[in-house]
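# Examination of the molecular architecture
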Amino acid sequence: MGKRYLALLLVLLTALWGSGAARAEDGDYDWIRLQWDGSSWAVPEGTEVLSHLECDPWVIDSLRLPSSLRRMLPESLYGYSGSCLHIPEGVEEMEGWCLNYSAVCRVTLPSTLRVFDGSSLAGAESVRYVRMAEDNPYFMVQDDVIFTKDGTTLVYYPPDKRDLHYDVPRGVTTIGTYAFRGNDWLVTLSLPMGLTAIERGGIEDCGRLEAVSLPLSLERMGDWCFSDCVSLERVQMPDGVEMGERCFDNCPLLSGREKVEEPERASERDWYWTWRDGLISPVNAGDRVPIYSQPDEGSSVLFRSACGSSVTVWEELDGFTKVGFYSDRNSESMETGYVRSDQLVRTDAWEPLFTIVRVMPRQELKGSLREMRALPTEMQTTVWPQGAKTFQVREVTGQWLEGYWMGMVVEDGEMWVSCLDGFPALWLGDLMACYRTWTGDDRTLGMVVSDAPGNRVNLREKPDRSAHRRAKYFTGTQLEVLGEQGGWYQVRMVDGTEGWMMKDYVMVVEQEAF
């Protein structure tokens, strides 16, 4: 009996080892090395599972996926910097967070796709336009919103879809997992009678959402379904709804439902969202603005800040604004003080006309290096196939762009290296070229580029230097070109003010090709 049991145990162990080896083989994917075909980067044909690229994806601004591809794993295109992505026919599965931290604006999905939900594109906060083959038997797209084919589940609402209000269509019974996650445009949302469920995180992190009416038919709300909706003030809740954990976590303005369980977490979030959202703006560009210890001009002066300096806005007071600032550019500790409100510009109060995705700096930076933050002392010099250095934008901070210096080495048609670590800053005046995301129209968009970081450019009523000055704008302020005359552009600024600006101080920003 002992030998028989021993033999049986060996058989079982062998079977388990074999299945374990198979599972390991199924889950242990090789890093994928991209190939350069002379015009774009491509994942090699024959690849069936997209795991991780053997490069930093944020240096890739265009990518061709192979017809052999069947499955995309989590974060397989993490940080991908291209504004457009075409998922080829044959792909059946897109797992969660495939495009986390990517810059994708337009996504085209195939007819073969069958495994997909809101988590598949979660973390890709720039997505605005979605297309899908009409013969997909599982999903359909209406006005860039993805539904199941029968229309009963709203699967995905793009985070950069810019409607202030959305009526969920009649017939929808379920808001899917992470369906609305990360949309910071919606202010109000109407849900239809007949809706029975909102899945986990279904309306999570919608920062401007103020009001939503939940229908009497609602039966169930998943975990975190309204968490981080920091502007949410009003929710009409029917009785008897089964609620998951922390449905209204970090909704500090909401009364009558749940209190914020982690106030310290909310304060951390406030710090993040207000980070450097103001610029010091004296009457004359050469003046320095005092930052006081108290909201009183009679109090001690902590620091005198130059025109265009970035600050963090904490609180609006009567005639003063509480700000966070760095008295030393290399300091890691932020100080707080008070600035007269009329000497501060709130940069987050202007809705941007476009998003900058990459720039090409001048080969030899001149003039403003002293104004720049410290760049890495050792900088690897690599080039794109186009032959120009590039700078991948991660954040626009006043007159500065923050991101990564990028480049690559090509050997035998394959990419080997890619990106330099760190977040150096580049003054906008040192740009040779600038590229923005595709906006879906033919408008000519651009931005102010002055001759020095502390100077502002005049906007005049007429194309004449002696004409009345309507306003003055910092470098980096976005605008739309309406016309031109001689050496002047007729422009509409991001805040809606119209006038004329000299062409020497306007950079027209080209859009990425789709």
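Everything numeric here is computed off the predicted structure, so don't read it as measured data.

What counts, and where the lines are drawn
- Residues numbered from 1 in each chain as written.
- Predicted model: local features only at pLDDT ≥ 70, side-chain atom pairs only at ≥ 80, totals over all residues.
- Heavy atoms only, no water.
- Helix = DSSP H or I, 4+ residues; strand = E, 2+ residues; numbered from the N terminus.
- Buried < 20%, exposed > 50% of the residue type's maximum accessible area, 1.4 Å probe, protein only.
- Areas by Shrake-Rupley, 256 points an atom, 1.4 Å probe, with all protein chains shown as cover.
- Pairing = 2+ DSSP bridges.
- Axes fitted to C-alpha atoms, helices over the stretch in contact; angles between N-to-C directions.
- Phe/Tyr/Trp six-rings, centres within 6.5 Å; stacked < 30°, edge-to-face > 60°.
- Lys NZ or Arg CZ within 6 Å of the ring centre and 35° of its normal.
- Salt bridge = Lys/Arg side-chain N within 4 Å of Asp/Glu carboxyl O.
- 1 Å grid on protein atoms, 1.4 Å probe; cavity = no way out; pocket = protein on both sides within 12 Å on 5 of 7 lines; lining within 4 Å.
- Points joined across faces, edges and corners; volume = space filled by probe spheres on them.
- Nonpolar A, V, L, I, M, F, W, Y, C, P; charged D, E, K, R; others polar.
- Contact = heavy atoms within 4.5 Å.
- pLDDT = per-residue confidence, 0-100.

The next subject is the overall build of the chain. Regarding its fold elements, the chain presents two helices and 42 strands. When burial is assessed residue by residue, the chain has 49% of its 514 residues classed as buried. Accessible surface, the chain as shown: approximately 24900 Å² in total, 47% of it carbon and sulfur.

What follows concerns the sheet that holds strand S8 (residues 106-109). By definition, the strands of a sheet pair up through backbone hydrogen bonds, in either a parallel or an antiparallel sense. Pairing in this open sheet of three strands is parallel, and the strands run S6-S8-S9 from one edge to the other. Two strands in the sheet have a free side with no partner beyond their single neighbour: strand S6 (84-86) and strand S9 (129-132). Mean inter-strand twist for the sheet, computed between neighbouring axes without regard to direction, equals 10°. Pairing between S8 and S9: four bridges, direction parallel. For Arg106, the partnering residue across the bridge sits in S9 and is Tyr129.

Under the definition given, this model contains ten aromatic pairs. Ring centres of Phe226 and Phe248 lie 5.3 Å apart, and the angle between their planes is 5°; on these two criteria the pair is classed as stacked. With Phe226 in the loop between strand S18 (220-221) and strand S19 (234-236) and Phe248 in the loop between strand S20 (242-243) and helix H2 (263-273), this residue pair connects regions lying 22 residues apart in the sequence. On the accessibility criterion, Phe226 (0% relative accessible area) is buried. Taking the ring centre of Tyr129 as reference, the NZ or CZ of Arg106 above it sits at 4.5 Å. Just above the ring of Phe354 sits the side chain of Arg436; from NZ or CZ to the centre is 5.9 Å.

Let us now look at the pattern of salt bridges. Counted by the stated rule, this structure contains 21 salt bridges. Residue Lys161 is joined to Asp163 by a salt bridge in which the shortest nitrogen-to-oxygen separation is 3.3 Å. Lys161 sits in the buried class, given a relative accessible area of 5%. Classification of Asp163 by relative accessible area gives partly exposed; the value is 29%. Between Glu498 and Arg492 there is a salt bridge, and its shortest N-O distance comes to 2.9 Å. Residue classification places Arg492 among the partly exposed residues on the basis of a relative accessible area of 31%. Ionic contacts of the salt-bridge type, sharing partners, join the residues Arg71, Glu92, Glu93, Glu95 and Arg114 into one network.

Okay, unusual backbone geometry next. Within the chain, Asp143 stands out as a residue other than glycine whose phi angle is a positive 55°. Structurally, Asp143 can be placed in the loop between strand S10 (139-142) and strand S11 (145-148). Asp143 sits in the exposed class, given a relative accessible area of 53%. Here the phi dihedral of Asp144 falls at roughly 70°; this positive angle occurs in a residue that is not glycine. One can find Asp144 in the loop between S10 and S11.

What follows is about the sheet that holds strand S15 (residues 188-190). Strand order across the open sheet formed by four strands is S13-S15-S17-S19, with parallel pairing between neighbours. A strand with exactly one partner marks an edge of an open sheet, and here the two such strands are strand S13 (165-167) and S19. If you compare each strand with its neighbour and ignore which way they point, the axes differ by 5° on average. Two elements, S15 and strand S17 (residues 211-213), share three bridges in a ladder whose sense is parallel. Note that in S17 the partner of Leu189 across the bridge is Val212.

The next thing to look at is the environment of Thr347. Relative to the assigned elements, Thr347 resides in the loop between strand S27 (344-346) and strand S28 (356-361). Residue Thr347 is classed as partly exposed on the basis of its relative accessible area, which comes to 27%. Separated by 130 residues in the primary sequence, Thr347 and Thr477 have C-alpha atoms spaced 9.1 Å apart.

With that settled, the discussion passes to empty space enclosed by the protein. Within the structure shown, the criterion is met by three cavities of 30 Å³ or more. Each pocket or cavity is described by its volume, and for the largest cavity that value is around 100 Å³. Residues belonging to the lining of the largest cavity are distributed by class as follows: nine nonpolar, three polar and two charged.

Within a regular strand, side chains alternate between the sheet's two faces. Side-chain alternation along S8 places Arg106 and Thr108 on one buried face and Val107 and Leu109 on a second face that is also buried. Bridge analysis of S6 against S8 gives three bridges, and the strand direction is parallel. Residue pairing in the sheet places Cys84 in a bridge with Arg106 of S8.

Here we come to the side chain of Thr174. As for its placement among the helices and strands, Thr174 is situated in strand S14 (residues 174-175). Judged by relative accessible area, which is 15%, Thr174 ranks as buried. The contact partners of Thr174, leaving out residues within four places of it in the chain, are Thr152, Thr153, Leu154, Leu195, Ala197 and Glu199.

Before going further, it helps to examine the confidence of the model for the chain. Residues of the chain with pLDDT of at least 70 account for 75%, and the chain-wide mean is 78. Note that residues 407-411 has pLDDT below 50 and, in this model, 23 contacts with residues that lie over four places away or in other chains.

Here the focus is the environment of Leu186. For Leu186, the position within the fold is in the loop between S14 and S15. Judged by relative accessible area, which is 1%, Leu186 ranks as buried. Taking C-alpha positions, Leu186 is 4.3 Å from Leu164, a pair spaced 22 residues apart along the chain. Excluding anything up to four places from it in sequence, Leu186 contacts Tyr157, Asp163, Leu164, His165, Tyr166, Phe180, Arg208 and Leu209.

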